[in-house]
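The lines below spell out each chain.
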Amino acid sequence: MIKFRNKLKDFNKKQNIIGVNYSQFVKKQNRLKSPVSLLKSNYYFAPMQFNQIVGQAAIKQRLINSVTDNRVSHAQLFLGPEGSGSLALAVAYAQFLSCEDKQPDDSCGVCSSCRKYQKLMHPDLHFSYPFFAKHKDDNALTFIEEWREAFLANPYLSLDIWRDYLEAENKQANINIAECHQIIKKLSFKPFESAYKILILWLPEYLDKEGNALLKIIEEPQPNTLFLLVAQNQDQILNTILSRTQLIKIPALTYEDIKHQMIGQYHQTEHAAAEIAYLSNGNMTEALAMLGQEDKSYHNLFVQWLRYCFANKGIELVSFVDQLAKMGRENQKNFMRYGISFIRECCLLMAEAGSLVHLPAAELETAQRMAKVMTISMANAISAELEKAHYHIERNANPKILFLDVSLQIISFVKAKSSPQGNHYIPN
């Protein structure tokens, strides 16, 4: 009987670990053990200040000036592509606004308010975001613990990463009417501790017609209440909400920004940092994901593939396709992404815009030779095929069939001097 009671106690402990059921706990532990998650955990409970956000110096200064000049708009839209740091900037801005000892260029990071922001637990800081509702009464507070864990692990959050923290199954992400009512309720009160009550609404694109319930409170909020909307696609936001916000456009990160971050923060070699910066194309979310993957020289693989295609070596291509098929889906996507970028650089060389090319010396030399044997229309056709292949890889296409088909398409462009008809392809 005593043994049975002890087993029951152990089972109950497993069921109540950190407030979640045991299956969720195991899922969380497995996620934290993955190479990428361990890397991202360097951010955990780190102060979210302007000086810890990669690049965006002009945007940071603009936000700081709006506070020092007392020109803080009550509704602002941070519009930037994925991986630009727009969400991190919104949180750093909110922390700066609430800081009790503001410095000339950042929040202090040590006051009571900043320490609460470090854990996203300030009573005047609220979040709203898309989620996968299981019940009609679910709102953002239902998933607040998962949200804190996800953001503190990686401020450059994407919807795909956020999905991994939730049991999404086949549900569609959205911000439902229950969440809109919860926002109105939360913001109907005065600030509790700081000068401002702040709501950060991530991805307002997922507000459907229910978002119209927020129009009145956005247009006529309580005193010292701020709305910070963080979006990626302006066209998908309700026009009624868009017209009530001040737009702050946040550009993608530069090649140098990501390269320096990879070397300084993550101790990558010069070559590895340059390749990550090149492949990520200004997206820090993609750059961080690449850190957890095997180090592969996509350049040598891609050039070898093109050589087989240009020489029409069918037997060699079949064995080479087998090699590509064994790379794994993420590496295949990065391989395609590298190929698209490399062809683009060749097009820049053909257009005599070499100053815009970002390639290491050895790869630049190869690109210059390739540019001599390709035409603009051929390069466009190859690039289009690679983009389609990337799309199908994401959707779990059979890699052997896919790579062989792309190879045959490239051979037809090269040997028959043909390319698909359409507005995308400009004849020479």
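Calculation criteria
- Residues numbered from 1 in each chain as written.
- Predicted model: local features only at pLDDT ≥ 70, side-chain atom pairs only at ≥ 80, totals over all residues.
- Heavy atoms only, no water.
- Helix = DSSP H or I, 4+ residues; strand = E, 2+ residues; numbered from the N terminus.
- Buried < 20%, exposed > 50% of the residue type's maximum accessible area, 1.4 Å probe, protein only.
- Contact = heavy atoms within 4.5 Å.
- Phe/Tyr/Trp six-rings, centres within 6.5 Å; stacked < 30°, edge-to-face > 60°.
- Polar contact = N/O pair within 3.5 Å; in protein donor to acceptor, adjacent residues only side chain to side chain.
- Pairing = 2+ DSSP bridges.
- Axes fitted to C-alpha atoms, helices over the stretch in contact; angles between N-to-C directions.
- Core = buried A, V, L, I, M, F, W, Y, C linked by side-chain atoms within 4.5 Å.
- Patch = residues over 30% accessible without salt bridge, like charges linked within 9 Å, V, L, I, M, F, W, Y side chains within 5 Å.
- Areas by Shrake-Rupley, 256 points an atom, 1.4 Å probe, with all protein chains shown as cover.
- Salt bridge = Lys/Arg side-chain N within 4 Å of Asp/Glu carboxyl O.
- Parallel < 35°, antiparallel > 145°, perpendicular 65-115°, else oblique.
- Left-handed = near helix turned anticlockwise from the far one by under 90°.
- Nonpolar A, V, L, I, M, F, W, Y, C, P; charged D, E, K, R; others polar.
- pLDDT = per-residue confidence, 0-100.

K.L.:
Hey, could you go over the overall build of the protein chain for me, with residue numbers and the actual values?
P.N.:
When helices and strands are counted, the protein chain shows 20 helices and five strands. Out of the 428 residues in the protein chain, the part that is buried amounts to 50%. Pairs at least 24 apart in sequence give 73% of the contacts found in the protein chain among residues at least 6 apart.

K.L.:
Please give an account of the packing of aromatic side chains that cites residues and values.
P.N.:
Evaluated as defined, the whole model comprises 18 aromatic pairs. Seen in terms of ring centroids, F302 and W305 are 6.2 Å apart; in terms of plane orientation they differ by 75°. Their pairing is edge-to-face. With F302 and W305 both in helix α15 (residues 298-310) and three residues apart, this pair spans about one turn of that helix. Summarising the burial analysis for this pair, F302 and W305 share the class buried.

K.L.:
Describe helix α14 (residues 284-291), with residues and values.
P.N.:
With respect to burial, α14 is a largely interior element, six of its eight residues being buried. A distance of 2.9 Å separates the backbone nitrogen of T285 from a side-chain oxygen at the start of α14, and that oxygen is part of N283.

K.L.:
I'd like a description of the sheet that holds strand β1 (residues 75-79), backed by residues and values.
P.N.:
What links the strands of a sheet is backbone hydrogen bonding, and the strands pair in either a parallel or an antiparallel sense. The strand order across the open sheet built from five strands is β2-β3-β4-β1-β5, with neighbouring strands paired in parallel fashion. Looking at strand neighbours, the two that pair on one side only are β2 (125-128) and β5 (246-249), the edges of this open sheet. Between one strand and the next, the sheet's axes are offset by a mean angle of 20°, whatever the strand orientation. Direction of pairing for β1 relative to strand β4 (residues 225-231): parallel, over a ladder of five bridges. The residue bridging A75 from the neighbouring strand is F227, located in β4. Along the sheet face, helix α4 (residues 57-68) touches β1 and β5 and points at about 150° away from the line of β5. Against the sheet, helix α5 (residues 86-98) touches β1, β2, β3 (197-202) and β4, its axis set at about 180° to β3.

K.L.:
Provide a residue-level description of the nonpolar core, including the pertinent values.
P.N.:
Counting 112 residues, the largest nonpolar core has Y129, W162, I200, W305, F335 and F342 as the members making the most contacts within it. Of all the elements, α5 adds the most residues to this core, at 10 residues. Not counting residues within four places of it along the chain, the set of residues in contact with I200 comprises L87, A90, V91, A94, L125, H126, F127, S128, L228 and V230. Listed in part, the 21 residues of the second largest apolar core include I183, L207, L215 and I237.

K.L.:
Got a sec to walk through a nonpolar patch on the surface? Specific residues and values, please.
P.N.:
On the surface, a cluster of nonpolar side chains totalling about 250 Å² of accessible area is made up of V318, L404 and L408. Structurally, V318 can be placed in helix α16 (residues 314-325).

K.L.:
Describe unusual backbone geometry, with residues and values.
P.N.:
With a phi close to 55°, N70 is a non-glycine residue in the positive phi region. Within the element layout of this structure, N70 appears in the loop between α4 and β1. A relative accessible area of 63% means that N70 is categorised as exposed. Notably, H267 is not glycine yet its phi reads approximately 55°, a positive angle.

K.L.:
I'd like a rundown of the pattern of salt bridges, residues and numbers included.
P.N.:
Opposite charge on two side chains permits pairing when their charged atoms draw close. Overall, the coordinates contain 14 salt bridges when judged by the stated rule. The residue R148 makes a salt bridge to E145 at a minimum N-O spacing of 3.1 Å. Note that R148 and E145 are positioned in helix α7 (residues 144-153) at a spacing of three residues, about one turn of the helix. Relative accessible area serves as the criterion here: at 18%, R148 is assigned to the buried category. E365 is paired through a salt bridge with R369; the nearest N and O atoms lie 3.3 Å apart. Of this pair, E365 and R369 are both found in helix α18 (residues 361-373), four residues apart, which corresponds to roughly one turn of the helix. By relative accessible area, which is 46% here, E365 ends up partly exposed. Because the salt bridges share partners, they merge into one network encompassing K333, E394 and R395.

K.L.:
Tell me about the packing of α15 against α16, and name the residues and values.
P.N.:
One way to put it is that α15 packs onto α16 with a least axis distance of 10 Å and a crossing angle of 155°. In terms of orientation, α15 lies roughly antiparallel with respect to α16. Two packed elements cross with a definite hand, and for α15 against α16 that hand is left-handed. From α15, L301, Q304, W305, Y308 and C309 reach across to α16, where they touch E316, L317, F320, Q323 and L324. Across the contact of α15 with α16, the residue classes break down as seven nonpolar, two polar and one charged.

K.L.:
Explain the confidence of the model for the protein chain to me, and be specific about the residues and the numbers.
P.N.:
Overall, the predicted model of the protein chain reaches an average pLDDT of 80, with 84% of residues at or above 70. Here residues 11-47 is modelled with pLDDT under 50, and outside its nearest four sequence neighbours on either side it reaches 51 contacts, counting other chains as well.

K.L.:
Outline the side chain of T225, supporting the account with residue identities and numerical values.
P.N.:
Within the element layout of this structure, T225 appears in strand β4. Judged by its relative accessible area of 2%, T225 is buried. Separated by 3.1 Å, the side chain of T225 and the backbone oxygen of Q222 make a polar contact. Not counting residues within four places of it along the chain, the set of residues in contact with T225 comprises H74, L187 and K197.

K.L.:
Quick one: what's the story with the environment of G354, residue by residue and with numbers?
P.N.:
Inspection of the secondary structure assignment puts G354 in the loop between α17 (329-350) and α18. Residue classification places G354 among the partly exposed residues on the basis of a relative accessible area of 41%. Each residue touching G354, except ones within four places of it in the same chain, is listed here: L348 and L349.

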